[in-house]
Amino acid sequence: MSAVAPQIPTPDFDAIAAGTTATSAVKGHSRIPWRFLGGRALFYLFTLWAAITINFFLPRLMKGDAVDAYLARNRNVSPEAAEALRALLGLDTDKSLWQQYIEYWGHLLRGDLGISLLNGMRPVSEVIGQSLIWTVLLVGFATLVAFAIGTIGGAIVGWRRGSRLDALIPITTFLSTIPYFWLGLMAIAIFSVGLGWFPIGKAYGVGVKPEFSAEFIGDVLHHGFLPAATIVIASLGGWMLGMRNMMLTVLDEDYVMVAQAKGMPNRRVLWRYAARNAVLPQIQSFALALGFIVGGTIVMEVVFSYPGVGKLLLDATNAKDYALMQGVFLVITISVLVANLLADVAYAFLDPRTRQTEA
């Protein structure tokens, strides 16, 4: 048997990069994982169909309907008007459940989510759109800040393991165990009632005209600081702990030790090799967090009387406004599915192992 000649590394070969999961060992064009992306897209389309179907049947399995709840609050409505409302909401008793299901899909494809009895017969899409803006601005900004601080801080704490920075982990973890409503109430008691630095609630002050002006934007930022800070403090520990644990795992890999042995600067080893690979699991969690941004933080929005989607969903549930409930559930479901799909696409391009499984 003839001996196999050892392969001589080419000039473009990087031994350090070969050991990572976030870079390619040989420079070249990465093959787009179409099979992986197509499979994930089909899976999420099926999940969307199942969620919409459940969203249709769930209110119809509950006792009573939206018109009954409306009549309980408004007893001066005539029987003819009640029947007209049922026809308008697609709750006609003379139509089969299958016919109602087909009409429900037809309305969805036209972008018609129905009307909200709770909000004066306004279209559900319009009501959700107004609340969605406030939720995305507040919860979205707070989630981005918490993710950035937690990921960068966790990477630094993991890199300097055994130092005094390790004390940040139990502190932030303890703060994450405190319920949202307790943090919110404490923040209101100290900074609003006690010190008077911030308003107690709402998105902007009474009498302030919503417009694109420096006065209105400053008032919105002033009202949103406490609820945003509550979200950041309550979620910071999870991001920091997750990144720190992944850093401890990655730092024991051979390519990190080889990079340090070659005399590379610590900053480059930290961010170019260690943190770049350790952050991959954080992407999936971040995608889930982005999806649930649309749902808002119900407890936080209730405590601060913030006009977001979470508070809107609670009000719709209490009033049994089924059309509004269905619309909010649908928007939340779609946002979560889209966020997960984007996370899968990011994984397919950032982690070569995903492409290798589809090769």
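How each quantity is defined
- Residues numbered from 1 in each chain as written.
- Predicted model: local features only at pLDDT ≥ 70, side-chain atom pairs only at ≥ 80, totals over all residues.
- Heavy atoms only, no water.
- UniProt positions renumbered as here; feature names shortened; annotations may be inferred.
- Helix = DSSP H or I, 4+ residues; strand = E, 2+ residues; numbered from the N terminus.
- 1 Å grid on protein atoms, 1.4 Å probe; cavity = no way out; pocket = protein on both sides within 12 Å on 5 of 7 lines; lining within 4 Å.
- Points joined across faces, edges and corners; volume = space filled by probe spheres on them.
- Nonpolar A, V, L, I, M, F, W, Y, C, P; charged D, E, K, R; others polar.
- Salt bridge = Lys/Arg side-chain N within 4 Å of Asp/Glu carboxyl O.
- Buried < 20%, exposed > 50% of the residue type's maximum accessible area, 1.4 Å probe, protein only.
- Patch = residues over 30% accessible without salt bridge, like charges linked within 9 Å, V, L, I, M, F, W, Y side chains within 5 Å.
- Areas by Shrake-Rupley, 256 points an atom, 1.4 Å probe, with all protein chains shown as cover.
- Lys, Arg positive; Asp, Glu negative; His and termini not counted.
- Charge placed at Lys NZ, Arg CZ, Asp CG, Glu CD.

A. Representation of the UniProt feature "transmembrane region" (unreviewed entry) in the protein chain within the structure. When the UniProt feature table is mapped to this numbering, "transmembrane region" (unreviewed entry) covers residues 41-58, 132-159, 180-200, 220-241, 286-307 and 327-350. Secondary structure within residues 132-159 divides into 100% helix and 0% strand; the distance between the first and last C-alpha atoms comes to 39 Å. The annotated region residues 180-200 carries 71% helix and 0% strand content, and the separation between its end C-alpha atoms amounts to 15 Å.

B. Spotlight on the layout of surface pockets. Estimates place the volume of the second largest pocket at around 390 Å³. Along its surface, the second largest pocket is lined by 16 residues, and Trp134, Leu137, Val220, Leu221 and Tyr306 are the ones closest to its centre. Ranked by residue count, the leading element in the lining of the second largest pocket is helix 9 (residues 214-250), at seven residues. Of the residues belonging to the lining of the second largest pocket, the class tally is 13 nonpolar, two polar and one charged.

C. Highlighting the pattern of salt bridges. Evaluation of the coordinates by the stated rule reveals two salt bridges. Glu126 is the partner of Arg122 in a salt bridge, and the nearest nitrogen-oxygen pair spans 3.2 Å. Here Arg122 falls in the partly exposed class, since its relative accessible area comes to 25%. The residue Lys311 makes a salt bridge to Asp315 at a minimum N-O spacing of 3.3 Å. Here Lys311 pairs with Asp315, and both are found in helix 14 (residues 309-319), just four residues apart, close to one helical turn.

D. Looking closely at a positive patch on the surface. Together, Lys262, Arg268, Arg272 and Arg276 give the surface a local cluster of positive charge. Turning to its location among the elements, Lys262 is positioned in the loop between helix 10 (254-261) and helix 11 (266-278). Exposure remark for Lys262: the relative accessible area of 53% places this residue in the exposed category.

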